[in-house]
Amino acid sequence: DPVSDFYVNVSTVFIEELIEHYGTNHFYGMDMFNENSPTNTSLIYLNVVGRNSIRPFSTVDKTFTWVLQGWTFGYDAYWTPPRIQAYLSDVPAAHLLILDMFAEISPTWNKTDSFGHKRFVWVLINNFGGNSVLNGNIRQTLTDVALAVRTSPYIVGVGYMPEGIYQNSLLVDAFLAYSFHLNRQTKPEEFLRTWLDRYMVVVYGMAGFSGNPPNLINTFYSQSQDRYYDFYMMYRLPTLSLSITDNWDMEEVRGTLQQTLAYLGNNLAKLQQLPTVFYYDLINYLQVFIDLRLQNLYGIIRKAYSHGNVHNLTFATVKVARLIKSFDTVSSILVERSFPCYRDGFTKFAEDNGYSPSELSQDFLLQSTLW
């Protein structure tokens, strides 16, 4: 129990061992109640738990900063403002940093008076488990983070903490680039106008792009909140009770994809070798199109199954199998073409940071297999 001296003593020993083995940068992540509600609702209990949480840190490292996920308070209805206040009131402000995660959809700072006047970082997630669809809302994200900076004196930074990688890079790049404009009070629309003009040039490493850029902002990256986080159908578990979120208009998406590929094709044809990031982006665009086809086929399958229509069921399931096999074939080729660049970059980074050959090969195997 965190109110006991035994908890404090064990925690102190643990932190001493941690520092002895790994050193310290004086930032310590600890999330005692993340998706795990306290069993006691007493404000006195929560206050003691808060004080005991920092006792081990202050004993071992006087310059500590406790890094706490704000998701704890935003996710769980248990955490009312008085309970948050009781939990954190005796933690010195200079020694606490809260990460307000998922702030692009469900911020907590504005519901809790900046966590009871504590320092926090406004955090974009935009990715759950690496299987989120190509989406987001760039304008709303930039508007919301600008509002936090204008409104709260306790925001000390912005951050990006995804649960997966290689997705929605346009939104993430815009968000991170805009973070450098926050103190200049640049309006999101004004920023986007100038930033988007240069985006393709910077990402693909070449000047002289011509033609009309694809309308990605007004299709994939203008999602309403109720459609914001869906997952690709090909990564779901099989079920006949799936609720389909119709995130996109089929013809609109088809037109945007064709416009994007034509725009990139016409401009990148000037290069002798396509940039690696093009292959990553192409896989993302293809996943969107495949997902739309799968949604259509899923509706046919479910209806055919419930009505005992074997002919339609067989027809649709064969289509699904062929569609996924085709995507697998194409994406494998794209990954293979980008693989050497990815491998070489990883190798150089690892060698520059002192990894041994055995650590290097194992880490690369894990990372590349993950992707």
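Residues numbered from 1 in each chain as written. Predicted model: local features only at pLDDT ≥ 70, side-chain atom pairs only at ≥ 80, totals over all residues. Heavy atoms only, no water.

Enquirer: Explain the pattern of salt bridges to me, please; I cannot follow it from the model alone.
Expert: Applying the stated rule across the entire model yields three salt bridges. The residue D5 makes a salt bridge to R55 at a minimum N-O spacing of 3.7 Å. One end of the pair, D5, is in helix 1 (residues 5-22); the other, R55, is in helix 2 (residues 43-60), with 50 residues separating them in the sequence. Across the pair R139 and E189 runs a salt bridge whose closest N-O atoms are separated by 2.6 Å. Highlighted residues: R139 in helix 6 (residues 138-151) and E189 in helix 8 (residues 188-204), separated in sequence by 50 residues. Given a relative accessible area of 38%, E189 falls into the partly exposed group. (Salt bridge = Lys/Arg side-chain N within 4 Å of Asp/Glu carboxyl O. Helix = DSSP H or I, 4+ residues; strand = E, 2+ residues; numbered from the N terminus. Buried < 20%, exposed > 50% of the residue type's maximum accessible area, 1.4 Å probe, protein only.)

Enquirer: Teacher, can you tell me more about the sheet that holds strand 3 (residues 96-100) here?
Expert: Two orientations exist for strands paired in a sheet by backbone hydrogen bonds: parallel and antiparallel. Taking strand neighbours across the sheet as the criterion, the five strands line up as 1-2-3-4-5 in an open arrangement whose pairing is parallel. Of all strands in the sheet, those with a lone pairing partner are strand 1 (27-29) and strand 5 (155-160), marking the two edges. For this sheet the average axis-to-axis angle between neighbouring strands, irrespective of direction, equals 25°. Here strand 1 pairs with strand 2 (residues 65-69) via three bridges, running parallel. Across the sheet, residue F27 finds its bridge partner in strand 2, namely T65. (Pairing = 2+ DSSP bridges. Axes fitted to C-alpha atoms, helices over the stretch in contact; angles between N-to-C directions.)

Enquirer: Would you explain a nonpolar patch on the surface in this entry?
Expert: On the surface, F14, L18 and Y22 cluster together into a nonpolar patch covering about 380 Å² of accessible area. Tracing the sequence through the fold places F14 in helix 1. (Patch = residues over 30% accessible without salt bridge, like charges linked within 9 Å, V, L, I, M, F, W, Y side chains within 5 Å. Areas by Shrake-Rupley, 256 points an atom, 1.4 Å probe, with all protein chains shown as cover.)

Enquirer: Help me out: how do you make sense of empty space enclosed by the protein in this one?
Expert: In this structure the tally under the stated criterion is two cavities of 30 Å³ or more. Roughly 110 Å³ of volume is contained in the largest cavity. Considering the residues around the largest cavity, the lining is formed by L134, N168, S169, L170, Y199, M200, Y204, L216, Y221, D281, N284 and Y285. Residue assignment for the lining of the largest cavity shows that the elements contributing at least two residues are helix 7 (169-179), helix 8 and helix 10 (276-307). Class assignment for the residues of the lining of the largest cavity results in eight nonpolar, three polar and one charged. (1 Å grid on protein atoms, 1.4 Å probe; cavity = no way out; pocket = protein on both sides within 12 Å on 5 of 7 lines; lining within 4 Å. Points joined across faces, edges and corners; volume = space filled by probe spheres on them. Nonpolar A, V, L, I, M, F, W, Y, C, P; charged D, E, K, R; others polar.)

Enquirer: Sorry if this is basic, but what is going on with unusual backbone geometry here?
Expert: Both trends apply: most residues other than glycine have a negative phi, and most peptide bonds are in trans. Even without a glycine there, the phi angle at D113 is positive, about 50°. Residue position: D113 is located in helix 5 (residues 113-117). We note that H117 has phi near 65°; this positive angle belongs to a residue other than glycine. With respect to the helices, strands and loops of the structure, H117 is situated in helix 5.

Enquirer: Would you mind showing me how to read the nonpolar core here?
Expert: For soluble globular proteins, nonpolar side chains are generally found buried alongside one another. Counting 83 residues, the largest nonpolar core has W66, Y87, L88, W122 and I138 as the members making the most contacts within it. Per element, the largest residue contribution to this core is twelve residues, and it comes from helix 10. Residues contacting L88, with those up to four places away along its chain left out, are W66, L68, F73, L96, I98, F115 and K118. Counting residues in each nonpolar core, the second largest holds ten residues, with V67, L97, V121 and V123 among its members. (Core = buried A, V, L, I, M, F, W, Y, C linked by side-chain atoms within 4.5 Å. Contact = heavy atoms within 4.5 Å.)

Enquirer: I'm lost on the environment of G255 in this one. Help?
Expert: You can see G255 is positioned in helix 9 (residues 250-268). A residue is classified by how much of its surface remains accessible, and G255, at 33% relative accessible area, is partly exposed. Sequence separation between G255 and P214 is 41 residues; the distance between their C-alpha atoms is 9.4 Å.

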